[in-house]
Amino acid sequence: MPKLKTKKKAAKRFRVTKNGKVLAKATGRRHLLSDKAPKKLRQMRQTIEVMGRVAQNIKAVMPYC
């Protein structure tokens, strides 16, 4: 059986932890930052956990992560 290929697009955006959680950077940090509250900007620095079916889809395209 051949090796499975990792989708590099997904590998650059998501990280799978040792326990199997999928982590991603928070969205909304690209532009229009002056209209967002400082508290919101601080919170968006953190990584967030991707949940549910979306996490399962990400794990499917990253077989060795």
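Here, the structure is the one placed above.
Worth saying up front: this structure is predicted, and the values here are computed from it rather than measured. (Residues numbered from 1 in each chain as written. Predicted model: local features only at pLDDT ≥ 70, side-chain atom pairs only at ≥ 80, totals over all residues. Heavy atoms only, no water.)

1. Points about the nonpolar core
Inclusion rule: Definition of nonpolar core: a set of buried residues of the types Ala, Val, Leu, Ile, Met, Phe, Trp, Tyr and Cys, connected through side-chain atoms within 4.5 Å. Burial here depends on accessible area, computed with a 1.4 Å probe over protein chains only, as a share of the maximum for the residue type. Under 20% is buried, over 50% is exposed, and the range in between is partly exposed. Note on conventions: DSSP H or I runs of at least 4 residues are helices, E runs of at least 2 residues are strands, and numbering of each starts at the N terminus. Contacts are assigned to residue pairs that have any heavy atoms within 4.5 Å of one another.
If you look at the biggest cluster of nonpolar residues, it comprises eight residues: Ala10, Val16, Val22, Ala24, Val50, Ala55, Ile58 and Met62. Every element with two or more residues in this core is listed here: strand E2 (22-25) and helix H3 (52-61). Apart from the residues within four sequence positions on either side, Ala24 is in contact with Arg13, Phe14, Thr47, Ile48 and Val50.

2. Let's talk about the environment of Gly20
Locating Gly20 in the fold gives a position in the loop between strand E1 (14-16) and E2. Remark: the alpha-carbon pair of Gly20 and Ala37, spanning 17 residues in sequence, is separated by 32 Å.

3. A short note on a positive patch on the surface
This is how the line gets drawn: Two joining distances apply to patches: 9 Å for like charges and 5 Å for nonpolar side chains (Val, Leu, Ile, Met, Phe, Trp, Tyr), and every residue must have over 30% relative accessible area and no salt bridge. Per-residue and other accessible areas were derived by the Shrake-Rupley procedure at a 1.4 Å probe size, with only the shown protein chains allowed to occlude residues. In what follows, salt bridge is the name for a side-chain nitrogen of Lys or Arg lying within 4 Å of a carboxyl oxygen of Asp or Glu. Asp and Glu count as negative and Lys and Arg as positive, but His and the ends of the chain are not part of the count. Here the site of a charge means atom NZ of a Lys, CZ of an Arg, CG of an Asp or CD of a Glu.
Positive charge collects at one region of the surface, where Lys8, Lys9, Lys12, Arg13, Lys25, Arg29, Arg30, Lys39, Arg42 and Arg45 lie side by side. Listed by contribution, the elements that provide at least two residues to the positive patch are helix H1 (8-13) and helix H2 (38-43). Ranked by residues supplied to the positive patch, first place goes to H1 with four residues. In this structure Arg29 comes out as partly exposed when scored by relative accessible area, which is 35%.

4. So, unusual backbone geometry
For Leu32, which is not glycine, the phi torsion reads 60 degrees and is therefore positive. Looking at where Leu32 falls in the secondary structure, it is placed in the loop between E2 and H2.

5. Describing the pairing of E2
Here is the rule: A strand pair is defined by DSSP finding two or more bridges across the two strands.
Where E1 lies against E2, three bridges are found, and the strand directions are antiparallel. The residue bridging Val16 from the neighbouring strand is Val22, located in E2. Hairpin connection of E1 to E2: five residues between the antiparallel strands, including Gly20 at a positive phi of 95 degrees. Here E2 pairs with strand E3 (residues 47-50) via four bridges, running antiparallel. Counted as the bridge partner of Ala24 is Ile48 from E3.

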